[in-house]
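Residues per chain are reported as follows:
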Amino acid sequence: MFLLRICAQEKRRFFRSVAHRRHRLRACKRHRFRAAKLSARQPRSAAMTQQKTPHEPIAGKRILVTGGTTGIGRAIVLSLAEQGAKVLTFGRDEAPLKEVLREANLPETCGLTADAGKAEDIEKVFAAVDAQLGGIDVLVACAALGAQALHEMADEDWRYVVDTNLSGYLGCTRAALKRMLRQESGLIILISSISVEIMAAGESVYAATKGGINHFALTLRKEVADKGVRVTVIEPGSVGSDMQMCSAEEQREAISRSEMLFAEEIAEAVSFVMTRASRCDIPMLRIEPLRQKTA
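My aim in this report is to walk through the structure given alongside it, one point at a time. (Residues numbered from 1 in each chain as written. Predicted model: local features only at pLDDT ≥ 70, side-chain atom pairs only at ≥ 80, totals over all residues. Heavy atoms only, no water.)

Looking at the environment of Arg-159
Quick reminder of the rule: Each helix is a run of H or I in the DSSP string that is no shorter than four residues. Each strand is a run of E no shorter than two, and both are numbered from the N terminus. Partly exposed residues are those whose accessible area sits between 20% and 50% of the maximum for their type, while under 20% is buried and over 50% is exposed, using a 1.4 Å probe and protein chains only.
Summarising the element assignment, Arg-159 is placed in helix α5 (residues 155-183). Looking at Arg-159, the relative accessible area reads 43%, which means it is partly exposed. The sequence separation of Arg-159 and Gly-117 amounts to 42 residues, and the corresponding C-alpha distance is 9.8 Å.

With respect to the side chain of Thr-69
Heads up, the condition is: Note on definitions: a residue-residue contact is assigned when non-hydrogen atoms from the two residues lie within 4.5 Å.
Counting through the fold element by element, Thr-69 comes out in the loop between β1 (62-66) and α2 (71-82). Among all residues touching Thr-69, those that are not within four sequence positions of it are Arg-74, Phe-90, Gly-91, Pro-96, Leu-97 and Val-100.

Observations regarding the pattern of salt bridges
Defined as follows: The term salt bridge refers to a pairing of a side-chain nitrogen on Lys or Arg with a carboxyl oxygen on Asp or Glu at a separation within 4 Å.
Per the counting criterion, the structure on display carries 11 salt bridges. Put simply, Lys-227 and Asp-226 hold a salt bridge, and the shortest N to O gap is 3.5 Å. For Lys-227, a relative accessible area of 39% gives the class partly exposed. With a shortest N-O distance of 3.1 Å, Arg-257 and Glu-259 are connected by a salt bridge. Glu-259 sits in the buried class, given a relative accessible area of 16%. Residues participating in the shared-partner salt-bridge network are Arg-74, Glu-99 and Glu-103.

A short note on the sheet that holds strand β6 (residues 229-236)
Backbone hydrogen bonds hold the strands of a sheet together, and the pairing may be parallel or antiparallel. The test is simple: In this analysis, strands are considered paired if DSSP registers two or more bridges between them. Helix axes are fitted only over the stretch in contact, all axes being lines through C-alpha atoms; the angle between N-to-C directions runs from 0 to 180 degrees.
Overall, parallel pairing links the 7 strands, which are arranged β3-β2-β1-β4-β5-β6-β7 in an open sheet. Each edge of the sheet is formed by a strand with only one pairing partner; in this case those strands are β3 (111-113) and β7 (284-287). Sheet twist, expressed as the average angle between the axes of neighbouring strands with direction ignored, equals 15°. Bridge count for β1 against strand β2 (residues 86-91) is 5 bridges, and the pairing is parallel.

Overview of the packing of helix α4 (residues 119-133) against α5
Filter applied, for reference: By convention, the crossing between two helices is left-handed when the near helix turns anticlockwise from the far helix through less than a right angle, and right-handed when the turn is clockwise. Here the nonpolar group is Ala, Val, Leu, Ile, Met, Phe, Trp, Tyr, Cys and Pro; Asp, Glu, Lys and Arg are the charged ones; every other residue, Gly included, is treated as polar.
Where α4 meets α5, the axes come as close as 10 Å, and the angle between the chain directions of the two elements is 35°. Of the two possible hands of crossing, α4 and α5 adopt the one that is right-handed. Residue-level contacts link Ile-122, Phe-126 and Asp-130 of α4 to Gly-168, Gly-171, Cys-172, Ala-175, Ala-176 and Arg-179 of α5. Of the residues contributing to the contact of α4 with α5, the split by class is 5 nonpolar, 2 polar and 2 charged.

Right, here's the structure in full:
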């Protein structure tokens, strides 16, 4: 009987020992699995960090800014020139053209008088792009005219607005694309307007041209993305500029009330888009004052 009791005790100790070893083995396997899982995660995280690239530099970029003599275009020219870009611009009037070139410390060869609403002038501009810049990396299109309600405009006037605001954008984009597609790289930035969203009375013609730009750009980007060309639309709200009907003093007061933006703030947005890595696409960027008027 004594021997049977000893055997039973030994058997219990044996099974407890086996159960303990099994528990330790399972715990060890769980630890190894967790360690392997963590180890597998780390290389992916490290790889993503290694692939991150610094922002694209603006210095040295060959940039055409259309309508760079007044308003938003002028602010963009001054901003890009200050950052070391190779800038070419044009406008319809010689006096403001010379003024912006002087302020930007650019030679006279970096500007010319031309009309974005005329096909022959766009050809002249891009001949200058080839001669002065040796090609193009970025197009910033912002040559535009204000307008009234359709029924308040003469036939030739509203057609001229469409030629400048819409056809001019398409013509400049097409000429830039010819060069960008050959080099398989480029960025096209089209300055539109929040008027597309507001649809205020009196802006039927203007809103139609800007709405056309938006749909053109958002469709075009799908056509050229796999060819290395990116397309961005920037929609500013009310901006202090020559295009505004109110006086300079009224514009300053509106800016102080956060009802209007400085043109330089749109120029900063252009720089933001330009400095993103080539893998980063910004189809549309909307900027408006804190208290944007809707009518």
